[in-house]
Amino acid sequence: MNTFSALRHSLAAACLGAALLSGPAAAAPAPYSDQQLRTLYEEAAAVGALSYTFLMFATRDEDIIQDAHRRLLSAGPGTSLKNLPGARSNSLMVFVLPAPLREQLNQLIEGGRSAPFQLPDGGWAIVELESVDTSKSMPTFEQLKARLPGFVAVGALPTPDDLRNDPVLVQRTLLNKVDSAKSFDKLPPGMDVDQPLSSGYLLLQQALIRDDAALVAGLLKRRTKANLCPMRACPLQLALQSPTHATEYVKQLLDAGVQPDQVPAPDADTALTIAALAGNADVVKLLLDKGADINGGKGPRVPLTVAIHRGYGDVVQLLLDKGADPLFRKPVKTPGMSGSSISAMSIALQNGKPEGALLRTAVMKKFSSQPQHQWDGWLEQDGERLPMTDGTLHLKRKPFTLFLRMPADSQMRLASCTSTRIFDEIRTNDLGAAVYQLDKPGLEPRDGSARWLLVSSDINPAAKGKRPPATQTWQWSGLRQDFNRRDKTPQGDVFVREIDAFMMAAGSGEYARVAIEESKLPEVNIVIGSALDYDSSAGDFVNAHHIKLVFDR
């Protein structure tokens, strides 16, 4: 039998396909009594009315299917069954699918692909789930009555005798009918409440989906296995869907021993990420107190980043108090793309989020004490040494030398401007201000030959964040030598920058080099510190000094 024939052969026996509900009732004789048919209909209804659209590659030859699977795996992420000649697309309700096929689809997320599995008639298949439609309602008994025997014939439904006599199926039928805490209490003592329902869900999952707080409490009291996640649905994620009981459910589940980072798939969002996305500070605290991964595990999103994006200040503060890193990024997993996701700090800078000040405080607390951001320095002019600390330094209108003692592989950043507004902007944590949108000009030769200081004209108040002060980032390493020289001293290496001119940066973006002796500037305001990059267009100063150079001597 060729590709896809195995599935077509199985489904044809049940008269399935597009005409399932739209065509006239089949005239095939019913081998079951009306009561048995009603039993089958109850089972079909318990399986559910979800509609799956899926791709399927099927054959009777196991070697062919295994070879196809190997080729798909070797092709890498993003490869689809669409790449295999003979794969067909189908759209069917789950209760009409042969049980092995239904079980495979039940475990897939959209875009997910199964490993090879065996069909009821002995054929082999691989399926890929394209979409799930939850809008369809269950057909009536009269609509399905004539077709129910066909569903049994292809293995989509058990026989009425099995439903009546098989101990496992008898228990499953009892569980299917539990719709309240009252009906749950009537179950036989010692019954396995963790047996999957006909729908594939567990009773706990179904209770959470129905938002039945009494039934959830009863199941947890009976010590149901709350760490199980069949049907791509974990209890924690389902709990967070409740509009009224989310915090109550999460607390109960955590107290029952549920893992705080419980996920239905390794790359799914954790409950902490979902709670941060919803702004549920109470749940965020519960999960953090139980040791949830503060970065959201292997999921695509970071809790702090989504909280900043949504503007949930209380959630942001909770995450920062627990040590969340505002600069943390995750690798981008989109097929065909590389790089990292955007950090919480980058979002705060780009979107002017008021919570950005909280992030910057956390960043400075984290990085200011680290060795790579420790530095000191001074200025010299005519042999006089001037300490580089916050305040005013009085200079002659002539060249001066800047000395910096810093780790050899670190960077230093200096922003200089004719306006003192750069001091106010950095002191007030105004992350939307120009000083954080750091211009990175490519004018300076990185070989130690340049001897000028880049200075911008006054910041235009009407162009906040759009017209940054001129910025230089200096580094000494094997690849970059942005200092004139490196002096060795008993206290360690000192990097020397000899300044003899200003490179004036006008608002138009033009630059003009002016010797210090010829400059008319009365003063230059600088912020200097260890460099910290937030992203490709913005950064900050760690352990910064704010210095006013006044040329009045």
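Just so we're clear, the structure is a prediction, and the values are computed from it rather than from any experiment. (Residues numbered from 1 in each chain as written. Predicted model: local features only at pLDDT ≥ 70, side-chain atom pairs only at ≥ 80, totals over all residues. Heavy atoms only, no water.)

Visitor: Hey, could you run me through the nonpolar core in this one?
Guide: Across soluble globular proteins, you tend to see nonpolar side chains buried next to one another. Phe54, Leu105, Leu148, Leu287, Leu319 and Leu359 are the most contacted members of the largest nonpolar core, which has 109 residues in total. Apart from the residues within four sequence positions on either side, Leu359 is in contact with Leu304, Ile308, Val316, Leu320, Pro326, Ala344, Met345 and Ala348. Of all hydrophobic cores here, the second largest spans 28 residues; its members include Met388, Met412, Phe502 and Ile516. (Core = buried A, V, L, I, M, F, W, Y, C linked by side-chain atoms within 4.5 Å. Buried < 20%, exposed > 50% of the residue type's maximum accessible area, 1.4 Å probe, protein only. Contact = heavy atoms within 4.5 Å.)

Visitor: Quick question: what am I supposed to make of the packing of aromatic side chains here?
Guide: Centre distance and the angle of the planes are the two values used to describe a pair of aromatic rings. Within this structure, the stated rule accounts for seven aromatic pairs. On the basis of an interplanar angle of 80° and a centroid distance of 5.7 Å, the ring pair of Tyr41 and Phe141 is categorised as edge-to-face. Of the two residues, Tyr41 sits in helix H2 (residues 34-47) while Phe141 sits in helix H5 (residues 141-144), which places them 100 residues apart along the sequence. Where Phe483 meets Phe495, the ring centres are 5.5 Å apart and the plane angle is 50°; that geometry is what we call tilted. (Phe/Tyr/Trp six-rings, centres within 6.5 Å; stacked < 30°, edge-to-face > 60°. Helix = DSSP H or I, 4+ residues; strand = E, 2+ residues; numbered from the N terminus.)

Visitor: What's the story with the sheet that holds strand S5 (residues 376-381) in this structure? I'm lost.
Guide: What links the strands of a sheet is backbone hydrogen bonding, and the strands pair in either a parallel or an antiparallel sense. Read across the open sheet, the five strands follow the order S6-S5-S8-S13-S12; overall the sheet is antiparallel. Strand pairing shows two members of the sheet lacking a second neighbour, strand S6 (384-387) and strand S12 (485-489), which therefore form its edges. Here the strands of the sheet are splayed against their neighbours by 30° on average, with no regard to which way each runs. Two elements, strand S8 (residues 400-405) and strand S13 (residues 492-499), share five bridges in a ladder whose sense is antiparallel. Bridge pairing links Leu402 to Arg497 in S13. (Pairing = 2+ DSSP bridges. Axes fitted to C-alpha atoms, helices over the stretch in contact; angles between N-to-C directions.)

Visitor: Would you mind going over helix H18 (residues 344-351) with me for this structure?
Guide: For an α-helix, the turn length of 3.6 residues means that residues three or four places apart are oriented alike. Burial analysis of H18 places six of its eight residues in the buried class, which makes it a mostly covered element. Those residues of H18 that sit buried are Ala344, Met345, Ser346, Ile347, Ala348 and Leu349. In this fold, the buried residues of H18 make contact with helix H16 (303-310), helix H19 (356-367), strand S16 (523-535) and strand S17 (538-551). The first or second residue beyond H18 is Gly352, which carries a positive phi of 65°.

Visitor: How should I be thinking about the packing of helix H13 (residues 246-255) against helix H15 (residues 281-289) in this particular structure?
Guide: Each packed pair of helices is defined by two parameters, the angle between the axes and the distance between the axes. Interaxial distance between H13 and H15 falls to 9 Å at its minimum, and their mutual angle equals 10°. Classed by the angle they form, the pair H13 and H15 counts as roughly parallel. Residue-level contacts link Ala246, Thr247, Val250, Lys251 and Leu254 of H13 to Asp282, Val283, Leu286 and Leu287 of H15. The residue makeup of the contact of H13 with H15, split by class, is six nonpolar, one polar and two charged. (Parallel < 35°, antiparallel > 145°, perpendicular 65-115°, else oblique. Nonpolar A, V, L, I, M, F, W, Y, C, P; charged D, E, K, R; others polar.)

Visitor: Even after reading the chapter, I still don't get the sheet that holds strand S1 (residues 51-59), so can you show me in this structure?
Guide: Read across the sheet, four strands follow the order S2-S1-S4-S3 without closing on themselves; strand pairing throughout is antiparallel. Two strands in the sheet have a free side with no partner beyond their single neighbour: strand S2 (88-93) and strand S3 (117-118). Here nine bridges tie S1 to strand S4 (residues 124-133), and the two strands are oriented antiparallel to one another. Note that in S4 the partner of Ser51 across the bridge is Asp133.

Visitor: Looking at this model, I keep getting lost on the state of the cysteines. Mind explaining?
Guide: A covalent bond between the sulfur atoms of two cysteines is referred to as a disulfide. Per the counting criterion, the structure on display carries one disulfide. There is a disulfide in this structure between Cys229 and Cys234, and the S-S distance comes to 2.0 Å. Here the S-S torsion is close to 115°, and the disulfide linking Cys229 with Cys234 is therefore right-handed. (Disulfide = S-S within 2.5 Å.)

Visitor: Teacher, can you tell me more about H2 here?
Guide: With 14 residues, H2 ought to run about 20 Å at 1.5 Å a step, and its terminal C-alpha atoms sit 20 Å apart, in line with that. For H2, every residue scored as buried is listed here: Leu37, Leu40, Tyr41, Glu43, Ala44 and Val47. Within H2, the buried residues cover an arc of 160° as seen down the axis, which keeps them to one side. Looking at the buried side of H2, the elements it contacts are helix H4 (99-106), H5, helix H6 (148-153), helix H7 (160-165) and helix H8 (167-176). Looking one or two residues past H2, Gly48 carries a phi angle of roughly 115°, positive in sign. (Expected span 1.5 Å × (residues − 1). Arc of directions from axis to C-beta.)

Visitor: Sorry, what's going on with the pairing of S4 here?
Guide: Consecutive residues of a regular strand have side chains that alternate between opposite faces of the sheet. As defined by bridge partners, S3 adjoins S4 across two bridges and the pair is classed as antiparallel. By the bridge assignment for S4, Gln118 is matched with Trp124. Taking the residues that link successive antiparallel strands as the turn, the S3-S4 hairpin has five residues, and the phi of Gly122 there is positive, at about 100°.

Visitor: Can you help me understand the pairing of S1 in this one?
Guide: Burial runs high along S1: nine of the nine residues are buried. Side chains of S1 alternate between two faces, with Ser51, Thr53, Leu55, Phe57 and Thr59 and Tyr52, Phe54, Met56 and Ala58 buried alike. Looking at chain direction, S1 and S2 are connected through six bridges and run antiparallel. By the bridge assignment for S2, Met56 is matched with Arg88.

Visitor: I'm lost on the environment of Gln475 in this one. Help?
Guide: Within the secondary structure, Gln475 is located in strand S11 (residues 470-475). C-alpha separation for the pair Gln475 and Ala408, spaced 67 residues apart in sequence, amounts to 7.9 Å. A polar contact is formed between the side chain of Gln475 and the backbone oxygen of Asp409, at a distance of 3.5 Å. (Polar contact = N/O pair within 3.5 Å; in protein donor to acceptor, adjacent residues only side chain to side chain.)

Visitor: Teacher, can you tell me more about the environment of Ala538 here?
Guide: Secondary-structure assignment places Ala538 in strand S17. Taking relative accessible area as the criterion, Ala538 reaches 1% and is therefore assigned buried. Between the alpha carbons of Ala538 and Leu349 there is a distance of 7.7 Å; along the sequence they are 189 residues apart. Look past the residues within four positions of Ala538 in its chain and what remains in contact with it is Leu349, Tyr436, Gln437, Leu438 and Asp533.

Visitor: Can you help me understand the packing of helix H17 (residues 313-321) against H19 in this one?
Guide: Relative orientation of the contacting elements H17 and H19 amounts to 10°, with a least axis distance of 10 Å. Regarding the angle of H17 to H19, the classification is roughly parallel. Where H17 abuts H19, its residues Gly313, Val316, Gln317 and Leu320 lie against Leu358, Leu359 and Ala362. Here the contact of H17 with H19 is built from residues that sort into five nonpolar, two polar and no charged.

Visitor: Looking at this structure, I do not really get the confidence of the model for the protein chain. What am I missing?
Guide: In this model, the protein chain carries an average pLDDT of 87, and 89% of its residues clear a pLDDT of 70 or more. In this model residues 1-29 is a low-confidence stretch, pLDDT under 50, and it forms 62 contacts with partners more than four residues away in sequence or in other chains. (pLDDT = per-residue confidence, 0-100.)

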